[in-house]
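Observations on the model geometry
These are the residues of each chain, in order.
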Amino acid sequence: MADSRNSVRAVLFDLDGTLADTAPDMAGALAALCEERQLEPLPYAQVRPVVSHGSRGLVRLSFGDSLTDDEMTVLCERFLVHYQHRLAEQTSLFEGMHTVLEALEVRSMPWGIVTNKPGWLTEPLIRTLGLESLSGCVISGDTVSQRKPDPLPLTHAAEALRIEPKDCLYVGDAERDIVAGNAAGMKTLVALYGYIDGHEQPEHWGADGTVKTPEEILEWLN
């Protein structure tokens, strides 16, 4: 394991639930959509674990599993409109993540972002968080032809950083993150501090390890 960790030359992060705590604004957008449709908004504690599943997961949480494809499309589009209007009102990096990014900079270890969030939302959010000039690459859900759990976004990120996938670590809080990272040949860590529902079993996702705080990423690398 020590040799495997020592070979890491770059770190890639999922965005929602790993790098940044976007749940307050995502939950706010869902509440606005519910109110628009005369539906009682769900408690934040119920919404937070589902945020990493994106607009479809959140819409399904509030409106149920019996939606037609057309209904799902309309509701997701309206959700994203509401979310765009409040993109970074309460969003911030997770506590301790600034320390991690600063430590990577001191080590001259490049890092990047790989998310399924579409670029028209990812790019302004990254700018607002002040990460645009710090991140070595930003791969959004529409940057390449496939999204996670396909490994293509991750291999594309490694290529952008000019680092072999086997020398990259990918940190994410959803099973598809670990599936994608493993398929790309990367080391993988589960961010347990992220948006993981109680019924999920991250210990069975096949990751190289788990972290309870962002700082533990540095401990794992060490």
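Every value quoted in this text rests on a predicted model; they were computed, and no experiment measured them. (Residues numbered from 1 in each chain as written. Predicted model: local features only at pLDDT ≥ 70, side-chain atom pairs only at ≥ 80, totals over all residues. Heavy atoms only, no water.)

Describing the nonpolar core
Here is the rule we go by: Definition of nonpolar core: a set of buried residues of the types Ala, Val, Leu, Ile, Met, Phe, Trp, Tyr and Cys, connected through side-chain atoms within 4.5 Å. Accessibility here uses a 1.4 Å probe with only protein chains present; expressed as a share of the type maximum, an area under 20% marks a residue as buried, one over 50% as exposed, and anything in between as partly exposed. Where helices and strands are cited, they refer to DSSP runs of H or I of at least four residues and of E of at least two residues respectively, numbered from the N terminus. Here, two residues are considered to be in contact whenever any of their heavy atoms come within 4.5 Å of each other.
Membership of the largest hydrophobic core comes to 51 residues, with the highest contact counts inside it found for V11, F13, L19, F79, L104 and I217. Counting residues per element, this core draws most heavily on helix 2 (residues 23-36), which supplies seven residues. Filtering out sequence-adjacent residues up to four positions away, L104 remains in contact with V11, F13, M109, W111, L218 and L221. Core analysis: the next-biggest nonpolar cluster, separate from the first, contains 15 residues, V114, C137, A180 and A184 among them.

Notes on the pattern of salt bridges
Once their charged atoms are close, side chains differing in charge can pair, the charge on each being opposite to the other. Rules: Note on definitions: salt bridges are taken to be side-chain nitrogens of Lys or Arg within 4 Å of carboxyl oxygens of Asp or Glu.
In the structure shown here, the tally under the stated rule is nine salt bridges. K117 is the partner of D16 in a salt bridge, and the nearest nitrogen-oxygen pair spans 3.1 Å. Of this pair, D16 sits in the loop between strand 1 (10-13) and strand 2 (20-21) while K117 sits in the loop between strand 4 (111-114) and helix 7 (119-128), placing them 101 residues apart in sequence. Across the pair, exposure class does not vary: D16 and K117 are buried alike. The residue K148 makes a salt bridge to D177 at a minimum N-O spacing of 2.8 Å. Of this pair, K148 sits in the loop between strand 5 (138-139) and helix 8 (152-161) while D177 is found in helix 9 (residues 175-183), placing the two residues 29 residues apart along the sequence. Across the pair, exposure class does not vary: K148 and D177 are buried alike. Salt bridges linked by common partners bring R9, K166 and D167 together as one network.

Overview of the side chain of T91
To be explicit about the condition: Polar contacts here mean pairs of N or O atoms no more than 3.5 Å apart (in protein, one a potential hydrogen donor and the other a potential acceptor; neighbouring residues in sequence count only if both atoms are side-chain atoms).
Note on placement: T91 falls in the loop between helix 5 (69-85) and strand 3 (92-93). A distance of 2.7 Å separates the side chain of T91 from the side chain of D25, its partner in a polar contact.

Focus: the packing of aromatic side chains
Basically, it comes down to this: Note on aromatic contacts: the rings of Phe and Tyr and the six-membered ring of Trp form a pair at centre separations within 6.5 Å, being stacked when their planes are under 30 degrees apart, edge-to-face when over 60 apart, and tilted otherwise.
Within the structure shown, the criterion is met by four aromatic pairs. With a centroid separation of 6.0 Å and 75 degrees between ring planes, the pair formed by F13 and W111 is classed as edge-to-face. Residue F13 is located in strand 1, and its partner W111 is located in strand 4; the two are separated by 98 residues in the primary sequence. The class of W111 is buried, set by a relative accessible area of 4%. When the centroid spacing of 5.0 Å and the interplanar angle of 70 degrees are considered together, the rings of F94 and Y193 count as edge-to-face. Here Y193 lies in the loop between strand 7 (187-191) and strand 8 (209-211) and F94 lies in the loop between strand 3 and helix 6 (97-106), a separation of 99 residues in the sequence. According to the relative accessible area criterion, F94 is buried, its value standing at 9%.

No statement about biological role is implied by the geometric values presented.
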